[in-house]
Amino acid sequence: MIPAFAVVGHPNKGKSSVVSTLARDDRIAVSMRSGTTTQAHSYQIKLDHLSYYLIDTPGFQRPRKVLAWLQKSQPSADQRAARIQEFLDDARCQTLYKDEIELLKPIMAGAAILYVVDGSRPYSAEYEAEMEILRWTGQPSMALINPIGGVEYVANWQSALQQYFRLVRVFDAIKADLQQHLELLTAFTQLHLPWADVLQQIIAAFTAKVAAQKAQSCAVAAKLLEDLCGYQLQQKALSKEQAQKMQILLERQYYQWMRRCESQAHDQLQMLYRHHQLSRRETELSLPDDLFDTDKWFAWGLDKPQLIKVAAIAGATAGGAVDLAVAGQSFMLGAIAGGLVGSTAAWFGADKLAKLKVVGLPLGGYEARQGPIKSQNFPYVVLARFLYIYRVLQSRNHALREDLVMSEQQVGQILAQLHKEQRKKIYAALDRISRQKTVDDLAAILAPLFDIETDRGAA
């Protein structure tokens, strides 16, 4: 049997948020309004050839009356599950207690119980009727304390829940990180021994999927850099004057394509991490500043001292003459030799975009050309913006429904966290990209940047 978990509890305690986060899919309806879920919805979580089910259920509405109905016949412990089934089959109960019928059906069909409570609200005896009903089903059960508004009452809930449930865990559906997600999946293996082996395989497949998403993100970043840094637009003309008149149209087409290319790459990330409902403006993701707002390039890319140092490293990489630790100081003393001389000025061209050129053609006529962008800071700007989106999306829980708002994050601060050999490879690769040269295994070179752990506050 495929493992199945029915997420149940009082209305508006975060059941759907828990399902959305565990499913890693924001298409599951989440609302702070009570009663958003009115029917049980089953979601199959597929990982390779394996899967398990999460069942989002309505909240308990009249648990005391339901418990009173169940207790009328005073069944012994071995008859309580059968009494629950009588309740499900009773026509009058189906009319009076629709929500309880909906939430109990999947449990009696074999689903384990995930009982969700809000740890920011005080415990009260009104919940005991719900927990007693669930205990009567005889199904494996676990309680999740979801601290929606804080942790003030978590300890009280733990004391009460431990009397009814085999396992009790605190799980913040909005803030829980990947490690906490894995720990919860591991706890699932303890609920029902026949499921333990398949759940262990699911955990391994989940870990592999996370690694695959990271590798795909690196590949998307590499292609974006190659596309944006190498893009050039041409238009043939009969005369030099005609070619010059094309400048406005050609420039507009050029930058529209560049913006669309970046937006589509960010969109790929969004779909890769299954944030389908993330709020957007005109473009697929909300960007507060334009990709070509060069006044902010130093805020995204490298600042001038960093550009000097990177110029020294990139210029000397070909000759292998400079050690990373002393590159900046040596450059300032004028001691750097090799490929640096003659290219230094380009590293300060952070405000230079692609210029229109008009060239004569060998067989007659002229051609207007726009691009590529020559600034060596440009690939760092593109990379910084991509990394910002990546870091938010890969760590953002799917129950969070706030808009994505970008803030500036200089890529130099991220690069500083890498080993010096990793930085040297990235500097050399982006130097080649900025000069429209091919780079073998660019995704692999960029990969260390995607391994750096960051603060979730950016989300």
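Residues numbered from 1 in each chain as written. Predicted model: local features only at pLDDT ≥ 70, side-chain atom pairs only at ≥ 80, totals over all residues. Heavy atoms only, no water.

Q: Whenever I open this one, the pairing of strand β6 (residues 167-170) confuses me. Can you help?
A: Here is the key point about a regular strand: its side chains alternate between the two faces of the sheet. When strand β5 (residues 141-146) meets β6, the two strands line up parallel, connected through four bridges. The partner of Met142 across the bridge, within β6, is Leu167. Taken together, β5, helix α7 (residues 154-161) and β6 form a β-α-β motif whose crossover is right-handed. (Pairing = 2+ DSSP bridges. Helix = DSSP H or I, 4+ residues; strand = E, 2+ residues; numbered from the N terminus. Right-handed = clockwise from strand over helix to strand, strands pointing away.)

Q: Could you clarify how one ought to interpret the packing of aromatic side chains in this entry?
A: This model, assessed by the stated rule, comprises 19 aromatic pairs. Seen in terms of ring centroids, Phe5 and Trp195 are 5.5 Å apart; in terms of plane orientation they differ by 70 degrees. Their pairing is edge-to-face. Of this pair, Phe5 sits in strand β1 (residues 4-9) while Trp195 sits in the loop between α8 (178-188) and α9 (196-230), and the two are 190 residues apart along the sequence. Look at Phe5 and you get buried, because its relative accessible area is 0%. Considering the side-chain rings of Trp297 and Phe378, the 5.4 Å spacing of their centres and the 35 degrees angle between planes classify their relative orientation as tilted. Here Trp297, found in helix α12 (residues 297-300), pairs with Phe378, found in helix α15 (residues 378-395); they are 81 residues apart in sequence, far enough to count as distant. Classification of Trp297 as buried rests on a relative accessible area of 1%. On the basis of relative accessible area, Phe378 is assigned to the buried category, the value being 0%. Joined through ring pairs, the aromatic side chains of Tyr231, Tyr254, Tyr255, Trp257, Phe292, Trp297 and Phe378 make up one cluster. Lying across the ring of Trp69, Arg83 places its NZ or CZ 3.9 Å from the centre. (Phe/Tyr/Trp six-rings, centres within 6.5 Å; stacked < 30°, edge-to-face > 60°. Buried < 20%, exposed > 50% of the residue type's maximum accessible area, 1.4 Å probe, protein only. Lys NZ or Arg CZ within 6 Å of the ring centre and 35° of its normal.)

Q: Hey, could you run me through empty space enclosed by the protein in this one?
A: If a probe as big as a water molecule is rolled over the atoms, it shows which places are left empty. Summed over the entire model, instances satisfying the criterion amount to two cavities of 30 Å³ or more. There is about 80 Å³ of room inside the largest cavity. Contributing to the lining of the largest cavity are 13 residues, with Ala23, Arg24, Ile45, Leu47 and Phe206 lying nearest its centre. Contributions of two or more residues to the lining of the largest cavity are made by α1 (15-23), β2 (41-47), α8 and α9. (1 Å grid on protein atoms, 1.4 Å probe; cavity = no way out; pocket = protein on both sides within 12 Å on 5 of 7 lines; lining within 4 Å. Points joined across faces, edges and corners; volume = space filled by probe spheres on them.)

Q: Would you mind going over the environment of Tyr366 with me for this structure?
A: Relative to the assigned elements, Tyr366 resides in strand β9 (residues 366-370). Tyr366 sits in the partly exposed class, given a relative accessible area of 31%. For the pair Tyr366 and Glu241, spaced 125 residues apart in sequence, the C-alpha to C-alpha distance is 9.2 Å. For Tyr366, the residues in contact, after removing those within four places along its chain, are Gln235, Lys236, Ala237, Leu238, Ser239, Lys240, Ala243, Val358, Val359, Gly360 and Leu361. (Contact = heavy atoms within 4.5 Å.)

Q: So what exactly am I meant to see when it comes to the pattern of salt bridges here?
A: Opposite charge on two side chains lets them pair, provided their charged atoms get close. All told, the structure shown has eight salt bridges when counted by the stated rule. In this structure, Asp451 and Lys214 form a salt bridge, with 3.2 Å as the shortest nitrogen-oxygen distance. Taken together, the residues Asp451 in the segment after α18 (442-446) and Lys214 in helix α9 connect sequence positions 237 residues apart. We note a salt bridge from Arg435 to Asp431, for which the minimum N-O separation is 2.8 Å. Taking the relative accessible area as the measure of exposure, Arg435 reaches 38% and is therefore partly exposed. Residue class for Asp431 comes out buried when judged on its relative accessible area of 8%. (Salt bridge = Lys/Arg side-chain N within 4 Å of Asp/Glu carboxyl O.)

Q: It is not clear to me how the packing of helix α2 (residues 63-71) against helix α3 (residues 80-89) should be interpreted in this structure. Could you clarify?
A: Any two packed helices are characterised by how steeply their axes cross, that is the angle between the axes, and by the distance between the axes. Close contact between α2 and α3 brings their axes to 10 Å; oriented N to C, the two are set at 115 degrees. The hand of the α2/α3 crossing is right-handed. For the pair formed by α2 and α3, the contact residues are Val66, Trp69 and Leu70 on the first element and Arg83, Ile84, Glu86 and Phe87 on the second. A per-class count over the contact of α2 with α3 returns five nonpolar, no polar and two charged. (Axes fitted to C-alpha atoms, helices over the stretch in contact; angles between N-to-C directions. Left-handed = near helix turned anticlockwise from the far one by under 90°. Nonpolar A, V, L, I, M, F, W, Y, C, P; charged D, E, K, R; others polar.)

Q: So what exactly am I meant to see when it comes to the packing of α3 against helix α5 (residues 98-108) here?
A: Contact geometry for α3 and α5: axes closest at 10 Å, N-to-C directions at 135 degrees. Compared by their axis directions, α3 and α5 come out oblique. In this structure, α3 meets α5 at a crossing whose hand is left-handed. Each of Ala81, Ile84, Gln85, Phe87 and Leu88 in α3 lies in contact with α5, whose residues at this interface are Glu100, Ile101, Leu104, Lys105 and Met108. The class makeup of the residues in the contact of α3 with α5 is seven nonpolar, one polar and two charged. (Parallel < 35°, antiparallel > 145°, perpendicular 65-115°, else oblique.)

Q: In this structure, what is going on with the nonpolar core? I would like to understand it.
A: In globular proteins that are soluble, nonpolar side chains generally tend to be buried together. One finds Phe378, Leu415, Leu446, Leu449 and Phe450 to be the most contacted residues of the largest nonpolar core, which totals 64 residues. Element by element, the count of residues in this core is highest for α15, at 13 residues. With residues up to four places along the chain from it excluded, the contact list for Leu415 reads Leu302, Tyr380, Arg423, Ile426, Tyr427 and Leu449. Formed by 36 residues, the second largest nonpolar core is a distinct cluster that contains Ile55, Trp69, Tyr127 and Tyr164. (Core = buried A, V, L, I, M, F, W, Y, C linked by side-chain atoms within 4.5 Å.)

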